[in-house]
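Summary of structural features
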Amino acid sequence: MADHDSWRIPSTVQEPPSRYLIPEQERLGGQQLVGEEMPEPVPFIDLRRLLAFDGAEEEAAKLRSALQNWGFFLVTNHGIEASLIDAVVAASREFFLQSLAQKREYSNLIEGKQWQLQGYGNDPVKSQDQILDWSDRLHLRVEPEDERDLALWPRHPESFRDILHEYTLNCKTVKDGILRAMAKLLELDDDCLINQFGEKGSTYARFNYYPACPRPDLVLGIRPHCDVCVLTLLLMDKDVGGLQVLRDGTWYSVPPVRDYALLVNVGVSMEIMTNGIFRGPVHRVVTNSEKERMSLAMFYAADLEKEIEPIAELLDENQPIRYKKIKCKDFVSAHYEYFSKRERVIESLKI
Ligand SMILES: O=C(O)CCC(=O)C(=O)O
Ligand SMILES: [Fe+2]
């Protein structure tokens, strides 16, 4: 089991400790850490047009192609004020700039040992030889609102809680709009995907902070993974890149975006619900030797007590069921088991 310091990123080293060096096989096979430039720009989808009467068809066609080719896209005209986005970035930076002791008041290790999903820290360490990611995180369940664990919500900066609350409300509207447009593409009722979340769908906000790293050729900010949720809304650092996506065996670098666009990506729960029609991209984050980087992911997950399974309307004799059903809670814990072994949970559910 991890001791209290095991995940902590050393701040002044020249060479990262061996626990951070990626395995040999990930350095070979054409999967070097330097990514290729994307063959086409990341698709931009104008949310206002997508949901409006005029122009919706054109945007919907772009959405379909983005989902088929990449599993992600950038959303613009989403209605979230630039000032709110600036505020959430500033609050997040202020949080991470505090001393370790201050941040540990919100630790995700109960009594310094037992790992829990929420709080400040990193992934569960399941074995002494597990390779660690070069990142620092704050992970909070922000919805349902009445189930927030406010003891883990930072009190510094003072505005942190109000800003995160406001950002959560705004992102919910964006997420619902996107889910309605996706349901339409599948010829389902508009609210069909929204209803898949069950009574108590959860939203997690994950603040990621990647310190500069002396060996970006050997160390990852986040290892290759798919998000376990249904959908992710990602606010990327507007100045520093790092996110890469895998397509046909090649890693492509997603450039930073400056105009307050949010990156939307499909999670593996959506892959199950849509019987594999929409698939989440495998992605990772590389490190940077000079610059720190930040991002904020909003993960939309189904009710933990609900079973996730392919939507019946999408199945027929030509489209046989391809995934076993699983309780969301079990899916999330299986995800972390597989993640620690650098494997993908979805493979275990294929029929
Ligand atoms: O930092 C990023 O750009 C991506 C973060 C990510 O993939 C995650 O938090 O799951
Ligand atoms: Fe991710």
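Residues numbered from 1 in each chain as written. Chains lettered and ligands numbered in written order. Predicted model: local features only at pLDDT ≥ 70, side-chain atom pairs only at ≥ 80, totals over all residues. Heavy atoms only, no water.

**As for the packing of aromatic side chains**
Here the structure, examined in full by the defined rule, presents nine aromatic pairs. Taken together, the ring pairs in this structure connect Phe 95, Phe 96, Tyr 106, Tyr 120, Phe 160, Phe 207 and Tyr 209 into an aromatic cluster. Sitting over the face of the ring of Trp 70, Arg 247 holds its NZ or CZ atom 4.1 Å from the ring centroid. (Phe/Tyr/Trp six-rings, centres within 6.5 Å; stacked < 30°, edge-to-face > 60°. Lys NZ or Arg CZ within 6 Å of the ring centre and 35° of its normal.)

**Quick notes on the confidence of the model for the protein**
The predicted model of the protein averages 89 in pLDDT, with 94% of residues at 70 or higher. No element of the protein has a lower mean pLDDT than helix 1 (residues 24-27), which averages 71, and none a higher one than strand 10 (residues 231-236), which averages 98. Low pLDDT (under 50) marks residues 1-6, which in the prediction has 14 contacts with non-local residues, meaning those over four places away or in another chain. (pLDDT = per-residue confidence, 0-100. Helix = DSSP H or I, 4+ residues; strand = E, 2+ residues; numbered from the N terminus. Contact = heavy atoms within 4.5 Å.)

**A few points about the site of ligand 1**
Taken together, 13 residues lie near ligand 1, and Arg 206, Tyr 210, His 283, Arg 293 and Ser 295 sit nearest. At 3.1 Å from an oxygen atom of ligand 1 is found a side-chain nitrogen or oxygen belonging to Asn 208. For ligand 1, whose unbound accessible area comes to 290 Å², protein coverage reaches 98%. More than half of the atoms belonging to ligand 1 lie within 2 Å of the grid points that define the second largest cavity. Sorting the residues of the shell around ligand 1 by element identifies strand 8 (202-210), strand 9 (220-225), strand 14 (283-286) and strand 15 (293-301) as the ones contributing at least two each. Within the shell around ligand 1, the residues separate by chemical class into six nonpolar, four polar and three charged. (Near = heavy atom within 4 Å. Polar contact = N/O pair within 3.5 Å; in protein donor to acceptor, adjacent residues only side chain to side chain. Areas by Shrake-Rupley, 256 points an atom, 1.4 Å probe, with all protein chains shown as cover. 1 Å grid on protein atoms, 1.4 Å probe; cavity = no way out; pocket = protein on both sides within 12 Å on 5 of 7 lines; lining within 4 Å. Sits in = over half its atoms within 2 Å of the grid points. Nonpolar A, V, L, I, M, F, W, Y, C, P; charged D, E, K, R; others polar.)

**Quick look at the UniProt feature "domain: Fe2OG dioxygenase" (unreviewed entry) in the protein**
Under the UniProt annotation, the feature "domain: Fe2OG dioxygenase" (unreviewed entry) is placed at residues 201-302. End C-alpha to end C-alpha, residues 201-302 measures 4 Å, and it is 6% helix and 47% strand. (UniProt positions renumbered as here; feature names shortened; annotations may be inferred.)

**Overview of the side chain of Ser 135**
Take Ser 135: it is sitting in the loop between strand 6 (119-121) and strand 7 (136-143). There is a polar contact of 3.4 Å between the side chain of Ser 135 and the backbone oxygen of Gly 221.

**Side note on unusual backbone geometry**
A cis amide bond, omega 5°, links Glu 143 with the succeeding residue Pro 144. Examined against the element boundaries, Pro 144 turns out to sit in the loop between strand 7 and helix 6 (160-185). For the bond from His 156 to Pro 157, the omega torsion is -5°, close enough to zero to count as cis. Position of Pro 157 among the secondary structure elements: in the loop between strand 7 and helix 6. Its identity is not glycine, yet Asn 77 carries a phi of approximately 50°, on the positive side. With respect to the element layout, Asn 77 can be found in the loop between strand 3 (72-76) and helix 4 (82-96). Judged by its relative accessible area of 35%, Asn 77 is partly exposed. At Asn 275, a residue that is not glycine, the phi angle is positive and equals roughly 55°. Within the secondary structure layout, Asn 275 lies in the loop between helix 8 (268-273) and strand 14. (Buried < 20%, exposed > 50% of the residue type's maximum accessible area, 1.4 Å probe, protein only.)

**Here's the deal with the packing of helix 4 against helix 6**
Running from amino to carboxyl end, helix 4 crosses helix 6 at an angle of 135°, the nearest separation of the two axes being 10 Å. On the basis of their axis angle, the class for helix 4 and helix 6 is oblique. Every pair of crossing elements has a handedness; the one defined by helix 4 and helix 6 is left-handed. On helix 6, the residues touching Leu 84, Ile 85, Ala 87, Val 88, Ala 91, Ser 92 and Phe 95 of helix 4 are Phe 160, Ile 163, Glu 166, Tyr 167 and Asn 170. (Axes fitted to C-alpha atoms, helices over the stretch in contact; angles between N-to-C directions. Parallel < 35°, antiparallel > 145°, perpendicular 65-115°, else oblique. Left-handed = near helix turned anticlockwise from the far one by under 90°.)

**Thoughts on the coordination of the iron ion (ligand 2)**
When a metal carries six donors in an octahedron, the ideal angles between them are 90 or 180 degrees, while four donors in a tetrahedron ideally lie at 109.5 degrees. On the protein side, the iron ion (ligand 2) has His 225 (NE2), Asp 227 (OD) and His 283 (NE2) as donor atoms, found 2.1 to 2.2 Å from it. All donors of the iron ion (ligand 2) belong to a single chain; written as a sequence motif, their spacing is H-x1-D-x55-H. Here His 225, found in strand 9, pairs with His 283, found in strand 14; they are 58 residues apart in sequence, far enough to count as distant. Each of the two residues, His 225 as well as His 283, counts as buried. (Donors = N, O, S within 2.8 Å, 3.2 Å for Na, K, Ca; no water.)

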